[in-house]
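A look at the structure
For reference, the chains in residue letters:
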Amino acid sequence: MAEPSVQAGEPEGLDRETLIVAGVVMLGAVMSILDTTVVNVAIDHLAVAFHSSLTTIQWVITGYTLALATVIPVSGWAADRFGTKRIYMTSLVLFTLGSVLSGLAWSAGSLIFFRILQGFGGGMIMPAVMTILTRKAGPHRMGRVMGVLGVPMLIAPILGPILGGWLVDNASWRWIFFINLPIGIVAFILALIVLEPDQPQPAHKLDWLGMLLLSPGLAVFIFGLAESSTYGFGSVRSWGPTVLGVVLIAAWFIHTWRSPNPLIDLRTFAHTRAGAAAGTFLLFAISVFGTMLLVPLYYQSVRGASALQAGLLLAPGGFGAMLMMPLSGRLTDRYGPTWLPATGLPFVAVGLIPFVFVGAHTSYVLLSAANFVQGLGMGLAMMPNMTAAMQAVPAAAIARTSTAMNIIRQAGASIGTAVLSVILASAITANLTGILGSRASGSHSGGIATLQHLPARAHAAIAGPLADAFGTTFTWALVLILVALIPAVGMALSGRRRPVTSPVSGAPVVLE
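For every chain, the first residue of its written sequence is number 1, and the numbers climb from 1 along that sequence. Since the coordinates come from a predicted model, pLDDT governs what is reported: local features require at least 70, and pairs of side-chain atoms require 80 or more to be given and counted, while whole-chain, interface and lining totals use all residues. In computing side-chain values, all of the structure's heavy atoms are included and hydrogens and water are not.

1. A word on the overall build of the protein chain
Only runs of H or I of at least four residues qualify as helices and only runs of E of at least two qualify as strands under DSSP, and these elements are numbered from the N terminus. Assigned secondary structure in the protein chain consists of 21 helices and two strands. At a minimum sequence separation of 6, the contacts of the protein chain that also span at least 24 residues come to 82%. Here the Shrake-Rupley method, with its probe set to 1.4 Å, supplies the accessible areas, and only the displayed protein chains count as covering residues. For the protein chain, the exposed area adds up to about 19,700 Å²; of that, 70% sits on carbon and sulfur atoms. Note on contacts: a residue pair qualifies if any of its non-hydrogen atoms lie within 4.5 Å across the two residues.

2. Details of helix 17 (residues 364–391)
The end-to-end C-alpha separation of helix 17 is 41 Å, in line with the 40 Å expected for 28 residues at 1.5 Å each. Extensive coverage of helix 17 is indicated by the burial of 22 of its 28 residues. Of the residues that open helix 17, the one with a side-chain oxygen 3.1 Å from the backbone nitrogen of Val365 is Ser363. Here, expected helix span is obtained from the residue count minus one, scaled by 1.5 Å. The rule is simple: take the accessible area with a 1.4 Å probe, protein chains only, and divide by the maximum for that residue type; under 20% is buried, over 50% is exposed, in between is partly exposed. Each polar contact in these results corresponds to two N or O atoms within 3.5 Å; when the atoms are within protein, one needs to be able to donate a hydrogen and the other to accept it, and residues that are neighboring in sequence are counted only if both atoms are side-chain atoms.

3. What about the packing of aromatic side chains?
Between 30 and 60 degrees the pair is tilted, below 30 it is stacked and above 60 it is edge-to-face, where a pair is any two Phe, Tyr or Trp rings, Trp via its six-membered ring, whose centres lie within 6.5 Å. Taken as a whole and assessed by the stated rule, the structure comprises 11 aromatic pairs. Here, a charge over a ring is recorded when the distance from Lys NZ or Arg CZ to the ring centre is within 6 Å and its angle to the ring normal is within 35 degrees. Across the ring face of Tyr64, the terminal group of Arg115 is positioned such that the distance to the ring centre comes to 4.2 Å. One residue, Arg303, lies across the ring of Tyr364, its end atom 4.3 Å from the ring centre.

4. Some details on the packing of helix 16 (residues 340–356) against helix 17
Only C-alpha atoms enter the line fits that serve as axes; for helices the fit covers just the stretch in contact. Angles between N-to-C directions range over 0 to 180 degrees. The geometry of helix 16 relative to helix 17 is characterised by a closest axis approach of 7 Å and an angle of 155 degrees between their N-to-C directions. Taken together, the axes of helix 16 and helix 17 lie roughly antiparallel to each other. Taken as a pair, helix 16 and helix 17 cross one another with a handedness that is left-handed. Gly is placed with the polar residues, together with every amino acid not listed as nonpolar (Ala, Val, Leu, Ile, Met, Phe, Trp, Tyr, Cys and Pro) or charged (Asp, Glu, Lys and Arg). When its residues are assigned to classes, the contact of helix 16 with helix 17 shows 18 nonpolar, seven polar and no charged. Relative orientations are named as follows: roughly parallel for angles under 35 degrees, roughly antiparallel for angles over 145 degrees, roughly perpendicular for angles from 65 to 115 degrees, and oblique for any other angle. In this scheme, a crossing is called left-handed if the near helix is turned counterclockwise away from the far one by less than a right angle; it is called right-handed if the turn is clockwise.

5. Remarks on helix 15 (residues 307–335)
In this model helix 15 runs 42 Å from its N-terminal to its C-terminal C-alpha over 29 residues, within 8% of the 42 Å that 1.5 Å per residue would give. We define the bend at each residue as the angle formed by axes fitted to the 7 residues ending at it and the 7 residues starting at it. When the local axis directions of helix 15 are compared, the greatest deviation, roughly 30 degrees, occurs at Leu314, which is followed within four positions by the proline Pro316. Count one or two residues on from helix 15 and you reach Gly336, which has phi positive near 95 degrees.

6. Some details on the environment of His45
Tracing the backbone shows His45 in helix 2 (residues 43–49). As a C-alpha pair, His45 and Trp173 span 128 residues in sequence and 7.6 Å in three-dimensional space. Every residue in contact with His45, bar those within four places of it in the chain, is listed here: Val168, Gln300 and Ala307.

7. Focus on the packing of helix 14 (residues 274–301) against helix 17
Contact pair helix 14 / helix 17: the axes reach a minimum separation of 10 Å and the direction vectors enclose 155 degrees. Here helix 14 lies roughly antiparallel to helix 17, going by the angle between them. Classified by chirality, the crossing of helix 17 by helix 14 is left-handed. Residue-level contacts link Ala274, Ala277, Thr280, Phe281, Phe284, Val288, Thr291, Met292, Tyr298 and Tyr299 of helix 14 to Tyr364, Leu367, Gln374, Met378, Met382, Asn385, Met386 and Ala389 of helix 17. Taken together, the residues of the contact of helix 14 with helix 17 sort by class into 14 nonpolar, four polar and no charged.

8. As for the environment of Val365
Examined against the element boundaries, Val365 turns out to sit in helix 17. Spatially, the C-alpha atoms of Val365 and Leu313 are 9.5 Å apart, while their sequence positions differ by 52 residues.

9. A word on a nonpolar patch on the surface
A patch consists of residues whose relative accessible area exceeds 30% and which take part in no salt bridge; residues with like charges are grouped when within 9 Å of each other, and nonpolar side chains (Val, Leu, Ile, Met, Phe, Trp, Tyr) when within 5 Å. Whenever Lys or Arg places a side-chain nitrogen within 4 Å of a carboxyl oxygen from Asp or Glu, that contact is recorded as a salt bridge. Together, Leu181, Ile185, Ile189, Leu192 and Ile193 make up a nonpolar patch on the protein surface, roughly 470 Å² of accessible area in all. As for its position among the elements, Leu192 is in helix 10 (residues 180–194). Leu192 gets classed as partly exposed once you look at its relative accessible area, which sits at 48%.

10. A word on the confidence of the model for the protein chain
pLDDT is defined as a per-residue confidence score from the predictor, taking values between 0 and 100. Summing up the model confidence of the protein chain, the mean pLDDT is 79 and the portion of residues at 70 or higher is 81%. The element-level mean pLDDT for the protein chain is lowest in strand 2 (residues 508–509), coming to 40, with helix 16 highest at 94. Per-residue pLDDT stays below 50 along residues 440–447; that stretch engages in 23 contacts with residues further than four places along the chain or on separate chains. Below a pLDDT of 50 lies the segment residues 497–512, which in the model reaches 36 contacts outside its immediate sequence neighbourhood of four places, other chains included.

In structure tokens, the structure reads:
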């Protein structure tokens with residue numbers, strides 16, 4: 001079907017046929033992204049159920065997001081080689097199977113393993129969805145497409161914590177995984193009926209060496225950081241994997257710079273504002289996704305909230321993003337994306353400030369309002385940042401740039417959950433050792449929920465120092481957002497200095 005013509009500066013809305021396709025593929029996308037936020041509110045319950053430390057059980061999240069980052073580059077190659085519809089449906093099957101096995105897990109180790117399997121399926125879903133929608137809508141509606149792709153990221157922060165909290169409190173933690181079975185079946189059937197089959201195309205050669213350097217490098221680097229909270233940075237179990245990860249990642253940089261067909265073409269990022277977009281996105285992902293782990297833990301361990309109550313208290317952030325993201329899509333189409341991240345990040349920073357100074361009795365109204373402001377900033381900054389990167393590169397590099405930005409998002413989420421959980425665990429030990437003695441570090445073996453269930457008088461004695469530990473950790477998240485402002489402002493200024501031509505259609509993109 002021929003794409004309708006559009007006048008420059010007058011972006012066209014998405015037609016009915018495109019919206020139907022979007023609705024079908026969004027079901028799979030919502031399921032995969034929802035899974036992360038569903039698990040966030042259950043993480044401490046999982047630590048108690050499996051008698052695991054916080055830094056061990058956070059690998060239920062980190063292992064999932066690392067698996068996503070590992071499989072994303074393969075998904076682009078596989079979509080060309082086998083067809084996008086086939087890859088999308090295969091990913092649904094793998095994700096649903098991993099969900100069922102996760103629900104049947106008998107130990108922390110088995111749960112982490114099955115979550116990695118689930119992540120391999122989930123990692124292929126979003127790139128396939130992005131390709132299907134971009135091809136269906138056409139390049140002239142990229143901003144609107146990015147707005148639609150942001151829908152699962154809007155719904156997940158609202159429904160995920162609430163659904164996860166309700167299931168944990170009223171059923172079992174296993175149902176946060178079993179719930180994906182009926183959704184996965186429906187998504188598969190609708191995709192089979194609605195999506196048009198596409199012909200496989202000759203695929204570019206996959207950079208296997210780059211993958212074998214980058215993916216294990218990220219995994220062992222993050223593992224080493226996580227081990228530091230238990231054994232200290234001086235232990236070989238901590239610095240050994242960390243150093244090995246740094247070496248592998250450095251080798252990947254050298255290989256990528258020299259390779260004619262790299263997994264991610266760093267030269268493109270070095271010579272365009274896509275580099276600034278990538279730097280902004282990495283710091284943003286580390287801070288925001290790490291914070292998504294911290295906030296429900298604060299409500300549960302310091303304030304004594306149930307999982308459902310913690311989920312409801314997180315909803316304002318999702319509503320803030322839901323209000324802003326459709327608007328940011330329209331602004332991107334009309335004025336260009338380069339200035340939006342620099343506008344959105346200050347909202348995220350302002351929303352974090354009350355959490356930096358959080359105490360044992362901080363007003364729920366204040367924290368909910370701060371979460372709402374943070375959501376506004378997320379909705380304004382996230383998808384325009386990805387669009388800015390893809391509009392800055394030549395047409396031939398768009399697919400790989402999209403792949404790179406997805407890898408950065410998932411790697412940042414993995415690093416954020418691992419690093420901030422380490423900082424939190426260390427701060428808790430430092431703040432509570434004088435009060436609880438050996439129980440401060442020993443509490444990690446059963447999750448910090450063990451602190452929540454202390455007798456009322458004992459919990460009242462530790463609530464203030466425990467809240468201070470969270471405040472210390474939120475401070476690091478705020479610093480990351482402030483640092484992210486530096487490349488974001490640079491990207492905005494570069495966009496104002498010169499107009500950019502769309503790498504797809506050749507039409508000018510208005511930046512002011």
